[in-house]
Amino acid sequence: MASIQSIPTKPFEGQRPGTSGLRKRVKVFQQEHYTQNFIQATLDAIPTGAKGATLVIGGDGRYFSPEAVQMIIRIAAGNEVAKLIIGQHTILSTPAASHLIRIRKATGGILLTASHNPGGPDNDFGIKYNMSNGGPAPESVTEKIYEITQKLTSYKEAQLPAVDLSAIGTQKAGNLEVEIVDSVADYVVLLKDIFDFNLIKSFLHKTPSFTVLFDGMHGVTGPYGQRIFVEELGLPQKSVMNCKPSPDFGGGHPDPNLTYAHDLVERVEKENISFGAASDGDGDRNMIIGKGAFVTPSDSVAIIAAQADSIPYFRRTGVKGLARSMPTSTALDLVAKKKGYEHFEVPTGWKFFGNLMDAGRLSICGEESFGTGSDHIREKDGVWAVVAWLNIIAAANQTKPSSINDILLTHYNEYGRNFFSRYDYEEVESEGANKMVDRLRALVSTDRAQLIGKDLGNGFVVKDGDDFEYTDPIDGSVSKKQASWQSWDCSFLMDGSSVLGVRIIFEDGSRLIIRLSGTGSQGATVRLYVEKYESNPAKYQDKTQEALRPLIEVALKLSQLTEFTGRKEPTVIT
Ligand code: G6P
Ligand code: ZN
């Protein structure tokens, strides 16, 4: 029996997790006792207690993961946890961890990730707790963790030699059972059960001109991509790139968008690749592109919902409902209306989908921030979205040759096109940004009467406008300005407005939304979302930025963004 010691410590400030856990620089986590304190507090906050618990452990493999896992093993043993199920070499994508928690009926899981944030000794590390449903811990639990961190005086640790994290199988660490599992195997079984792998495989085999390139961005999805695209679907090895997880993501920024996934974007254009896809550091985000084609995340979720019949999982379970975050385009609503599905509009953040799924009212959902997923787990799922698209394309090709652009066009012809774009103004001065948002809030509340019916220029007449609020239909909890604090990717205090935003809806269905990001770490990030509905088929192939220009002009004029922030141009356009 290993001896258990109580190690004296003192509280650290700022260990308040957001829904995406505690995210800080690696150097912060490396302070003596800092990480151990947070692990002890997490174990203490487990609603059913740490004693006798089974926990799933793994993450995106970023720098400091092996050290953190060894700490978790020693502290778990010190707190009489019964069993740890650990991804080999610390690797488990966020979706794979969510799935493992569910199939092993674990008490919960500790995920070591800072998502798409860069890694390495000078970048970020993160620790996040997920519950037995496989989803991120709710605020009641994360607040309890925080409360405990503020008064912790010691943590319990078993004196154990380091566990070999490469050896698959079960071993004993003192009284603690440690099972090291293949990081990929269970997840592959899940996807093979959800999608029609035979159909995809035979399409790819029969159509060698349809080329695929998956970019793991040096993050966690590399081994998943290798197993699924190369070994299961039989694609050539050159169909995957950057598929070896690296502690610093090859020095890159593992976020799948047109800016950060530039290697992929370049190769797709240069090599005429039919289907390009990428996922982020921890595997929950996704991007789908093709030569001359880009699928906006808003269109992606709408098309997956519209084509759900081609996916065996949804044929089995039926589509119980659809949901999107508020800024995500309303393309999904059009599918819901046509097909008669219930649909929901929730604040920004994946956790708002979880309650609806657990209540059996939601099957498919997505966010404009490159998150797409379903009720197969309780996290968004990058590789799932990529395979969903391959399944849809393979099904469409049974009747006629269909590229990504053909699928988009067919969808627009049936539903119309919701042109959508997001402008980000990063690291602006908080004061100006807050003043701008406060003024907009006044416009849609106290000054509402003057706003409704007003022509804001270029023919955009205001139909409605508000400061978005949300009442969870399952538990009745209310998210509204200052009603609660929420912060997804960071650990400092925010007011509730970061998951909400000001929205203005026009007579023609166009929308304009402004909110402040809840995930930035320097100053404020203003996000401006514009959406314009188009039902004239002659315009379906227009360029997004051109189609949206008149509305963007209205947005900039109404918000006085340049006056308040000093910015003439956005830093990122997606
Ligand atoms: C995280 C969450 C997403 C959410 C996004 C919003 O990535 O997991 O669910 O959409 O943050 O970020 P923002 O910076 O816009 O607040
Ligand atoms: Zn992520």
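All values derive from a computational prediction rather than experimental measurement. (Residues numbered from 1 in each chain as written. Chains lettered and ligands numbered in written order. Predicted model: local features only at pLDDT ≥ 70, side-chain atom pairs only at ≥ 80, totals over all residues.)

So, the overall build of the protein chain
Counting its secondary structure elements, the protein chain contains 19 helices and 26 strands. In summary, the protein chain has a C-alpha radius of gyration of 24 Å against a globular reference of 25 Å for 574 residues, a match within 12%. With the C-alpha coordinates of the protein chain rotated into their principal frame, the extents come out at 75 × 60 × 40 Å. Put simply, the protein chain has 574 residues, and 55% of those count as buried. (Helix = DSSP H or I, 4+ residues; strand = E, 2+ residues; numbered from the N terminus. Rg over C-alpha atoms; globule rule 2.2 N^0.38 Å. Buried ≥ 20, exposed ≤ 12 C-beta atoms within 10 Å, placed from the backbone.)

What about the environment of Pro 17?
Mapped onto the elements of the fold, Pro 17 is located in the loop between β1 (4-8) and β2 (22-25). Classification of Pro 17 by C-beta neighbours within 10 Å gives buried; the count is 28. C-alpha of Pro 17 to C-alpha of Thr 142: the two residues are 125 residues apart in sequence and 5.8 Å apart in space.

Quick word on the sheet that holds strand β9 (residues 176-181)
Read from one edge to the other, the open sheet built from seven strands follows the order β2-β6-β5-β3-β4-β9-β8, with strand pairing classed as mixed. Of all the strands in the sheet, just β2 and β8 (169-173) have a single pairing partner and so form its edges. Averaged over all pairs of adjacent strands, the angle between their axes in this sheet comes to 20°, without regard to strand direction. With respect to the sheet, helix α4 (residues 94-103) is in contact with β3 (54-59), β4 (83-91), β5 (108-112) and β6 (124-130), its orientation differing from that of β5 by roughly 165°. (Pairing = 2+ DSSP bridges. Axes fitted to C-alpha atoms, helices over the stretch in contact; angles between N-to-C directions. Contact = placed C-beta atoms within 7 Å.)

Regarding the packing of helix α2 (residues 34-45) against helix α5 (residues 139-149)
Two elements in contact, α2 and α5, have axes separated by 8 Å at closest approach and are oriented at 130°. Classified by the interaxial angle, the pair formed by α2 and α5 is oblique. In this structure, α2 crosses over α5, and the sense of that crossing is right-handed. Facing α2, whose interface residues are Asn 37, Phe 38, Ala 41, Thr 42, Asp 44 and Ala 45, α5 presents Val 141, Lys 144, Ile 145, Ile 148 and Thr 149. The residue makeup of the contact of α2 with α5, split by class, is six nonpolar, three polar and two charged. (Parallel < 35°, antiparallel > 145°, perpendicular 65-115°, else oblique. Left-handed = near helix turned anticlockwise from the far one by under 90°. Nonpolar A, V, L, I, M, F, W, Y, C, P; charged D, E, K, R; others polar.)

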